[in-house]
Each structure stands twice: as C-alpha cells, then as structure tokens.
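Here is what each chain is made of, one letter per residue.
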Amino acid sequence: MRPVGGWNRPDDLSAPVVTGATARSDDVRAYVNQAPALSLAGLLNAAGLYAPPLLITTFFGLADAGQFGLAQRVVAIPVALLGQATAQVYLGWLSENKRSGQFGALRALTKATRLLLLAAVPMGLIVLVASPSAFPLLFGERWGVAGSMAAALSINLAAQLVAAPVSQTLIVLGHARLQLAWDAGRFTLVVGSLLACVHFEVGVVATVWTFSLASAVAYVLSWGLSRWAAVVEHRSAPVPQP
C-alpha cells in the first residue's frame, strides 16, 4: 500500500518510504542549493532585457530610442497576454508533477509547444506584414520607423512566445546552473550583436533586425535546453513492473 504523501510506486516494496514531509524537505534543500545560481541568472536576465533600449539610446539617440520603445511595447502585448498565462498553467502543472514524483515534463512540454506554435506563427506573420503600414495609421506618420522596427521584432516575438512560457523547466527539474549559463549566453549574444552593428555603422532598423535574430536564436536554444532537461527526466523514470 502506498504511504500517504509518498513518492514510491506501489510495487516498489524494497525502496525506502519517502513521506510528504521528507519530500518537501528535499525540495527545500534543492532550491536553497540553487538559490545563488538563480539569483545571478535573474540579474543577467534583467540585464539582457534592459540593455537593448539603453544601448540604442546611447548610440542612436532619444528619437530612435522612442521609436524602439513603442515597437517593443506593442510587440510585447501578445507575450504578456498569452505567454504569461500559458507559463503560469505550465509551471503549476510541472511543479505539481515534480512534487508528486511523476515524470511528465516531456509530455507537458510537447503539448505546450504545439499549442504555442499555433499562436506564435500567425502572430509573428501578422506583426511582420502589418506593422509597417499599421503603425502610421494608429500612431501617426512620425511613428513609421517604429512600424519597421516592430516588423523586425516579429521574429523575436514568435521565438519568445514559444520558448519563454516553458523556460521554467530547467529550474523545476533542478538545472539552475544551466539556466544561469543560458542567461549569460543570451546577454552576451544580444549585447554583442548590438555593439557589432554600432561598430560597423549599421542603420537603426537593420540593428533591430540583428538584435531580433540574435534574441530569437537565444530563445530557440532556451527551448532546446528545456526539452533536453525533460528528456533526461523522462529517461530516468522508473520502468513499470509487469
């Protein structure tokens, strides 16, 4: 008979009993051990988000920075509405499965990715095609550059909308250092792409295209790391006894 709150399979009579209190204690210790890496990852994540507008302001001026800011805010709406809602549902389901000793991360990740792709691809295409003409109509002719920037950001939008909601997979499954490595890599890739454009005197819209592509590559890598962690967990699942 399975102990209340335990993680043991009913047929695994030789394994030590893991009570709910013990499981929670193990979870607490695991997250405490990950805390330094998660703290640094959070700082790098914030730096990666705030660095682009600061660099554009520094090297291209306030006018172009304002155009970029509007483009970012508009493109961020789908991520905020759909991405965050999906992330909350996914994280809750994944955490509950982790606490109960189930091994369903790969299945959950695959299902969430399929649903997110159905939304991300059409949204990205709409922003890409419609933004250059829609921005002047909605905000005035002087915001035409923002429309071109929003079109450039459509690539990053689609990648972020798929990868960001499932990015907590690494943390929940205990790969905080890998998450830290990704945040460091994303920061380096994004800042490096912007500085390279400045060095080669690329125009501001082309610079935003370069930034969008670099950020999209980072999000694709994030999704790949999340899937790797889910596959590792899936392979470590106990084989059901006949």
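Look up a bit, the structure's there.
Residues numbered from 1 in each chain as written. Predicted model: local features only at pLDDT ≥ 70, side-chain atom pairs only at ≥ 80, totals over all residues. Heavy atoms only, no water.

Engineer: Break down the overall build of the protein chain for me, citing the residues and quoting the values.
Structural biologist: Helices and strands together make up the secondary structure of the protein chain, namely 7 helices and 0 strands. Evaluated residue by residue, the protein chain yields a buried proportion of 40% over its 242 residues. Restricting the contact set of the protein chain to residue pairs at least 6 apart, pairs at least 24 apart contribute 79%. When the accessible surface of the protein chain is summed, it comes to about 13,100 Å², and 69% of that surface belongs to carbon and sulfur atoms. (Helix = DSSP H or I, 4+ residues; strand = E, 2+ residues; numbered from the N terminus. Buried < 20%, exposed > 50% of the residue type's maximum accessible area, 1.4 Å probe, protein only. Contact = heavy atoms within 4.5 Å. Areas by Shrake-Rupley, 256 points an atom, 1.4 Å probe, with all protein chains shown as cover.)

Engineer: Explain helix α4 (residues 144-163) to me, and be specific about the residues and the numbers.
Structural biologist: For the α-helix, the turn length of 3.6 residues means that residues three or four positions removed from each other point alike. In a regular helix each residue adds 1.5 Å, so 20 residues correspond to 28 Å; α4 covers 29 Å between its end C-alpha atoms and thus fits that length. Taking the largest bend as the criterion, α4 deviates by roughly 40°, centred on L153. In terms of burial, α4 is largely enclosed, as 16 of its 20 residues are buried. (Expected span 1.5 Å × (residues − 1). Bend = angle between axes of the 7 residues up to and from the residue.)

Engineer: Kindly report on the nonpolar core, identifying the contributing residues and their values.
Structural biologist: One finds F68, Y90, L153 and V208 to be the most contacted residues of the largest nonpolar core, which totals 42 residues. Elements supplying a minimum of two residues to this core: α1 (20-60), α2 (62-99), α3 (105-139), α4, α5 (169-172), α6 (176-199) and α7 (204-235). Top contributing element to this core by residue count: α3, with 9 residues. Judged by nonpolar contacts, the second largest core, of 6 residues, contains A159, A216, A218 and Y219. (Core = buried A, V, L, I, M, F, W, Y, C linked by side-chain atoms within 4.5 Å.)

Engineer: Describe in detail the packing of α2 against α3, supporting the description with residues and values.
Structural biologist: The N-to-C vectors of α2 and α3 enclose an angle of 165°; their axes lie 10 Å apart at closest approach. With respect to their mutual orientation, α2 and α3 come out roughly antiparallel. As for the relative orientation of α2 and α3, their crossing is right-handed in sense. Between α2, through L70, A71, V74, V75, P78, L82, T86, Y90, W93 and L94, and α3, the contact on the second element is made entirely by A105, R107, A108, L109, A112, L116, A119, M123, V127, F135 and F139. Residue composition of the contact of α2 with α3, grouped by class: 19 nonpolar, 1 polar and 1 charged. (Axes fitted to C-alpha atoms, helices over the stretch in contact; angles between N-to-C directions. Parallel < 35°, antiparallel > 145°, perpendicular 65-115°, else oblique. Left-handed = near helix turned anticlockwise from the far one by under 90°. Nonpolar A, V, L, I, M, F, W, Y, C, P; charged D, E, K, R; others polar.)

Engineer: So what's going on with the side chain of S222? Residues and values would help.
Structural biologist: The residue S222 is located in helix α7 in this model. Exposure remark for S222: the relative accessible area of 3% places this residue in the buried category. Beyond its immediate chain neighbours, meaning those up to four positions away, S222 contacts S167 and W182.

Engineer: Explain unusual backbone geometry residue by residue, including any values.
Structural biologist: Residue E201 is not a glycine yet carries a positive backbone phi of 55°. Note on placement: E201 falls in the loop between α6 and α7.

Engineer: An account of the environment of A71 is requested, with residue identities and associated values reported.
Structural biologist: Assignment of secondary structure puts A71 in helix α2. Separated by 77 residues in sequence, A71 and S148 have C-alpha atoms that sit 8.5 Å apart. What A71 contacts, discounting residues up to four positions off in sequence, is F135, A146, M149, A150 and L153.

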